[in-house]
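Residues per chain are reported as follows:
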Amino acid sequence: MKYQLIGLETEAGGRREAESSTGGVIAEVADRHAAFERIARALDGRRVDAIGHRVVHGGDVFSAPVLIDDGVLDVLRALVPLAPLHNPANIDGIEIARRVWPDDPQVAVFDTAFHATLPPHAYRYAVPDDWYREHGVRRYGFHGTSHAYVARRAADVLDRSLDDLALITAHLGNGASMAAIQGGRSIDTSMGLSPLEGLVMGTRSGDIDPTVAAHVAAASGRSANDVIDDLNEASGLRGLCADSDMRRIIERRGAGDRDAALAFDVFVYRIRKYVGAYLAVLGRCDALVFTGGIGEHSPDVRAAVCAGVEHLGFAIDDARNRRSDVVASADGAERAVLVVPTDEEHSIAEQTAALLG
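Residues numbered from 1 in each chain as written. Predicted model: local features only at pLDDT ≥ 70, side-chain atom pairs only at ≥ 80, totals over all residues. Heavy atoms only, no water.

**Q** Before we go on, may I ask you to explain the side chain of Ser 190 in this structure?
**A** Checked against the element boundaries, Ser 190 lands in the loop between strand 8 (185-189) and helix 7 (211-220). Exposure remark for Ser 190: the relative accessible area of 0% places this residue in the buried category. With residues up to four places along the chain from it excluded, the contact list for Ser 190 reads Arg 139, Ser 177, Met 178, Glu 197, Gly 198, Leu 199, Tyr 274 and Tyr 278. (Helix = DSSP H or I, 4+ residues; strand = E, 2+ residues; numbered from the N terminus. Buried < 20%, exposed > 50% of the residue type's maximum accessible area, 1.4 Å probe, protein only. Contact = heavy atoms within 4.5 Å.)

Structure representation (structure tokens):
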């Protein structure tokens, strides 16, 4: 089946450049309303069969794509406290699209859905039970559409059934997460209640002692919410070296910049820790799969990650890695190292079409 895909990523506030899956800027628009108007003009009266929306957080309510109606929107609004930075923008995009195309089916595809298969020992936090029962405090995980897509592609590359594979997938970009996938099912993932937990990211801290927010708030006289904002928007690579672009960080590192070198090392070290953890969780691993803007396009990051885990069987071939070959591992390596471009838009289109039959 062929799809004509029109993609729009919606986020809160400000101008946003719409980007293609390969990272090229398509257009710059003032806001979401202008973006949808541009899409409507681009369609030029052509029929829309359906519209698939990426929604970041589905809580424990939505574990699969769902046809959007007023009731679904009410539930999404109730879930806003779990993703205050993302779901409001997703909801806004849905509401605008429903006004522009009121007669066409619209489907929500959730970043969290793929991780609905996590077992309780992986998704529960060791916190008071009423936090979980009453407030939904648990691990949900994100980037699920990407992790699921590259796991299927990895099975194709390895010419094996996904049901028989144990994979570690690393979606590395401005937002970054990893997943342990066994037989096509996510059994652990690095992001948690929100996309803040886990790996070091462009502007997010990743794993951090939970007392840090209270400590900094008390010491600085700022609110806890202000500190959380800093952990989301002023931390990660940006916090370490005042830059969130890995390409520039690698250039600065090569020129001897100590802050850039530290940012690179912290980023890579956190990935290595999760590789080791997920190898223990899976018990075996057939492939480590890199994807996302950094995972797909940074040979330096891939080489540095694998240089730290060669003793675990992840040996990389330098020439293949530099070319970003799909199979980047060395001949005879115990475990494959793959570079698989993600295509979340195509996956959303497939899931939307499958739901609508």
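**Q** I'm lost on the sheet that holds strand 10 (residues 336-339) in this one. Help?
**A** Strand pairing in a sheet relies on backbone hydrogen bonds. The paired strands run either parallel or antiparallel. In space, the 5 strands of this open sheet follow the order 8-7-6-9-10, with mixed pairing throughout. Two strands lie at the open edges of the sheet, namely strand 8 and strand 10, each paired on one side alone. For this sheet, the mean inter-axis angle between neighbouring strands, taken without regard to orientation, is 25°. Examined bridge by bridge, strand 6 (residues 166-172) and strand 7 (residues 176-182) share 7 bridges and lie antiparallel to one another. In the sheet register, Thr 169 faces strand 7, and the bridge partner there is Ala 179. Helix 6 (residues 144-158) contacts strand 6, strand 7, strand 9 (287-291) and strand 10 of the sheet and is inclined by roughly 130° relative to strand 6. (Pairing = 2+ DSSP bridges. Axes fitted to C-alpha atoms, helices over the stretch in contact; angles between N-to-C directions.)

**Q** Sorry, what's going on with the packing of aromatic side chains here?
**A** Each aromatic ring pair is described using two quantities: the centre-to-centre distance and the angle formed by the ring planes. Per the stated rule, a full pass over the model turns up 3 aromatic pairs. With a centroid separation of 4.7 Å and 5° between ring planes, the pair formed by Phe 62 and Phe 110 is classed as stacked. Of this pair, Phe 62 sits in the loop between strand 3 (51-55) and strand 4 (66-67) while Phe 110 sits in strand 5 (residues 106-110), and the two are 48 residues apart along the sequence. Take Phe 110: its relative accessible area is 2%, and that puts it in the buried class. Arranged with centres 5.6 Å apart and planes meeting at 65°, the rings of Tyr 274 and Tyr 278 form a pair that is edge-to-face. You can see Tyr 274 and its partner Tyr 278 sitting in helix 11 (residues 258-282), 4 residues apart, about one turn around the helix. In this structure, Arg 253 is placed above the aromatic ring of Phe 264, and the distance from its NZ or CZ to the ring centre is 3.8 Å. Note that Arg 335 overlies the ring of Phe 314, its terminal NZ or CZ placed 5.7 Å from the centroid. (Phe/Tyr/Trp six-rings, centres within 6.5 Å; stacked < 30°, edge-to-face > 60°. Lys NZ or Arg CZ within 6 Å of the ring centre and 35° of its normal.)

**Q** Is there a simple way to think about the sheet that holds strand 5 in this case?
**A** If you trace the 3 strands from one edge of the open sheet to the other, you get 3-5-4, paired in mixed fashion. Across the chains shown, the open sheet's two edge strands, defined by having one partner strand only, are strand 3 and strand 4. Across 5 bridges, strand 3 lies against strand 5 in parallel orientation. Paired with Gly 52 across the two strands is Val 107, which belongs to strand 5.

**Q** Explain the confidence of the model for the protein to me, please; I cannot follow it from the model alone.
**A** The predicted structure's coordinates, where accompanied by low pLDDT, should not be read in detail. Averaged over all residues, the pLDDT of the protein is 91; the fraction at 70 or higher stands at 92%. This stretch, residues 1-9, has a pLDDT under 50; its non-local contacts, to residues over four places away or in other chains, come to 16 contacts. (pLDDT = per-residue confidence, 0-100.)

**Q** I keep staring at the nonpolar core and nothing clicks. Help me out?
**A** Soluble globular proteins tend to bury their nonpolar side chains together. Within the largest apolar cluster, 44 residues are counted, with the highest numbers of intra-cluster contacts made by Leu 172, Met 178, Met 246, Phe 267, Ile 271 and Val 301. Among the secondary structure elements, those contributing two or more residues to this core are strand 6, strand 7, helix 9 (236-241), helix 10 (246-254), helix 11, strand 9, helix 13 (299-307) and strand 10. Dropping the residues within four chain positions of it, Val 301 is found in contact with Leu 172, Met 246, Phe 264, Phe 267, Val 268, Ile 271 and Ile 294. Ala 154, Leu 165, Ile 181 and Leu 338 belong to the second largest nonpolar core, which has 17 residues in total. (Core = buried A, V, L, I, M, F, W, Y, C linked by side-chain atoms within 4.5 Å.)

**Q** Sorry, what's going on with a nonpolar patch on the surface here?
**A** Nonpolar side chains collect at one region of the surface, where Leu 67, Leu 355 and Leu 356 lie side by side and expose about 240 Å² of accessible area between them. Mapped onto the elements, Leu 67 comes out in strand 4. According to the relative accessible area criterion, Leu 67 is partly exposed, its value standing at 42%. (Patch = residues over 30% accessible without salt bridge, like charges linked within 9 Å, V, L, I, M, F, W, Y side chains within 5 Å. Areas by Shrake-Rupley, 256 points an atom, 1.4 Å probe, with all protein chains shown as cover. Salt bridge = Lys/Arg side-chain N within 4 Å of Asp/Glu carboxyl O.)

**Q** I would appreciate a short explanation of helix 1 (residues 32-43) in the present structure.
**A** One full turn of an α-helix is made of 3.6 residues, so residues set three or four places apart face in the same direction. Helix length check: helix 1 (12 residues) gives 17 Å between terminal C-alpha atoms against 16 Å at 1.5 Å per residue, within 8%. Burial in helix 1 covers these residues: Arg 32, Ala 35, Phe 36, Ile 39 and Leu 43. An end-on view of helix 1 places all buried positions within 95° of arc, on one side of the element. Phi for Asp 44, located one or two positions after helix 1, is positive at around 50°. (Expected span 1.5 Å × (residues − 1). Arc of directions from axis to C-beta.)

**Q** What exactly am I supposed to notice about the state of the cysteines here?
**A** By definition, a disulfide links the sulfur atoms of two cysteine residues through a covalent bond. For the structure shown, the criterion picks out 0 disulfides. Looking at the unpaired Cys 306, the closest cysteine sulfur is the one in Cys 285, lying at 11 Å. (Disulfide = S-S within 2.5 Å.)

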